[in-house]
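Next come the chains, spelled out residue by residue.
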Amino acid sequence: MSQTFIIAEAGVNHNGELRQAIKLVDIAVAAGADAVKFQTFKADNLVTESAQQADYQTENTGTEQSQYALLKQLELSEIDHKMVLNYCQQEGIEFMSTPFDSESIEFLHHLGVQRWKIPSGELLSIPYLQQIAQFNQPTYLSTGMATLEEVGLAVETLFQAGLARENLTLLHANSAYPTPYQDVNLRAMQTLQKQFGLLVGLSDHSLGIEVPIAAVAMGASVIEKHFTTDKDLPGWDHEISANPEEMKEIVEGSKMIYDSLGKFKRT
């Protein structure tokens, strides 16, 4: 197995501001992450104007508003995306972004994205999976609350639509934000590996630095961790995200653990 690929998940912790997005890139670079990942979407393509935000979003933001209004505030424009991508290239870190609609997939493809993350919520979205599979590029499939049968359907859909087996990695994830330690269930990551014979990793939503580092020791080829510039900023993800110091500790700890694994042969 090659060195664990570490994704610093900026998500929407830029709060819709380009300057904040650039700061997040700087933090990911300073931490030594392999990639920094954002989220690409258009609220008009995802929700109606009357859809209410999720309970955890209300709890973490302390405000009540429609899901549409919330998402609209968190969009980055196409120009913003291009500027962040260019800045990532300048700073020597890979730019990634999770698309949440067909239009965003095409935009990111034309932008030059070379690696894809499929969120848990799209695992059973067949047209979405088919659209990404046709690029046949490294793809990470987050499994969230899916059953093994549902994961199997998604895997077969991706393969049939053109994704090569060696380009697919399954990410174990728990969809609770934050995930209590007793619910992380890291051993399920190994269950995915045994069931499908694919590379596996972890999309972590727990607090602290311990869980992603432990996942490396258990064979994760990819680690994804949310991070922020400041946990006290308004927004639903900041409080559960790693701060800059924690993100750096996760990267350094993961690399140390990977190096310490060594070989199966005893010398």
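Each remark here, short or long, concerns the structure printed above.
Summarised in this report is the structure supplied together with it.

Where burial is concerned, most of strand β6 (residues 168-173) is hidden: six out of the six residues are buried. Here β6 shows no split at all, with Leu168, Leu170 and His172 on one side and Thr169, Leu171 and Ala173 on the other all buried. At this point the chain moves from strand β5 (residues 139-142), through helix α8 (residues 148-160), to the parallel β6, and the crossover so formed is right-handed. Direction of pairing for β6 relative to strand β7 (residues 199-204): parallel, over a ladder of five bridges.

In contact at an axis separation of 8 Å, helix α7 (residues 126-133) and α8 are set at 40 degrees when each is read in the N-to-C sense. Between α7 and α8, the angle falls in the class oblique. The chirality of how α7 crosses α8 is right-handed. Counted together, Ile126, Leu129, Gln130 and Ala133 of α7 and Ala154, Thr157 and Leu158 of α8 form the full contact between these two elements. The class makeup of the residues in the contact of α7 with α8 is five nonpolar, two polar and no charged.

So, on to the nonpolar core. With 63 residues, the main nonpolar core has Val36, Phe38, Phe95, Leu141, Leu168, Leu170 and Phe227 as its most contacted residues. Per element, the largest residue contribution to this core is seven residues, and it comes from helix α1 (residues 18-31). Once residues within four sequence positions are removed from consideration, Phe227 is found in contact with Ala8, Glu9, Ala10, Asn13, Leu24, Ile27, Ala28, Val36, Ser241, Ala242 and Met247. Ranked by size, the runner-up nonpolar core spans seven residues in total, among them Phe5, Ile7, Met96 and Leu171.

Here we come to the sheet that holds strand β3 (residues 94-99). Strand pairing within a sheet occurs via backbone hydrogen bonds; the two strands may be parallel or antiparallel. Taken in spatial order, the eight strands make up an open sheet running β3-β2-β1-β8-β7-β6-β5-β4, and their pairing is parallel. Single-partner strands in this sheet number two, and they are β3 and β4 (116-118). For this sheet, the mean angle separating the axes of adjacent strands, direction not counted, is 25 degrees. As paired strands, strand β1 (residues 5-11) and strand β2 (residues 35-40) are joined by four bridges and run parallel to one another. For Ala8, the partnering residue across the bridge sits in β2 and is Val36.

The next point concerns helix α10 (residues 187-196). All of the buried residues in α10 are Ala188, Met189, Leu192 and Phe196. Down the axis of α10, the buried side of the element spans an arc of 115 degrees, and every buried residue falls inside it. Turned more than 90 degrees away from the buried face of α10 sit Arg187 and Lys194, all of them exposed. Tucked inside the fold, the buried residues of α10 contact α8, β6, β7 and α11 (210-217). Remark: Gly197 follows α10 within two positions and exhibits a positive phi of approximately 65 degrees.

Right, let's talk about unusual backbone geometry for a bit. In the segment running from Tyr177 into Pro178, the intervening peptide bond is cis, with an omega of -5 degrees. Looking at the secondary structure, you find Pro178 in the loop between β6 and α9 (181-184). Here Asn15, not a glycine, exhibits a phi torsion of approximately 55 degrees, which is positive. Looking at the secondary structure, you find Asn15 in the loop between β1 and α1. Judged by its relative accessible area of 22%, Asn15 falls in the partly exposed class. Backbone geometry at Asn185 places phi at a positive 55 degrees, although glycine is not the residue there. Relative to the helices and strands, Asn185 is located in the loop between α9 and α10.

The geometry of two aromatic rings is summed up by the distance between their centres and the angle between their planes. Under the counting rule described, the total for this entry stands at four aromatic pairs. Summarising the aromatic geometry, the rings of Phe38 and Phe95 are spaced 6.0 Å apart at their centres and angled 25 degrees between planes, so their arrangement reads as stacked. Residue Phe38 is located in strand β2, and its partner Phe95 is located in strand β3; the two are separated by 57 residues in the primary sequence. Residue class for Phe95 comes out buried when judged on its relative accessible area of 6%. Aromatic side chains Phe41 and Phe100 sit 6.3 Å apart centroid to centroid with 85 degrees between the ring planes, which places their arrangement in the edge-to-face category.

Criteria and cut-off values
Residues numbered from 1 in each chain as written. Predicted model: local features only at pLDDT ≥ 70, side-chain atom pairs only at ≥ 80, totals over all residues. Heavy atoms only, no water. Buried < 20%, exposed > 50% of the residue type's maximum accessible area, 1.4 Å probe, protein only. Helix = DSSP H or I, 4+ residues; strand = E, 2+ residues; numbered from the N terminus. Right-handed = clockwise from strand over helix to strand, strands pointing away. Pairing = 2+ DSSP bridges. Axes fitted to C-alpha atoms, helices over the stretch in contact; angles between N-to-C directions. Parallel < 35°, antiparallel > 145°, perpendicular 65-115°, else oblique. Left-handed = near helix turned anticlockwise from the far one by under 90°. Contact = heavy atoms within 4.5 Å. Nonpolar A, V, L, I, M, F, W, Y, C, P; charged D, E, K, R; others polar. Core = buried A, V, L, I, M, F, W, Y, C linked by side-chain atoms within 4.5 Å. Arc of directions from axis to C-beta. Phe/Tyr/Trp six-rings, centres within 6.5 Å; stacked < 30°, edge-to-face > 60°.

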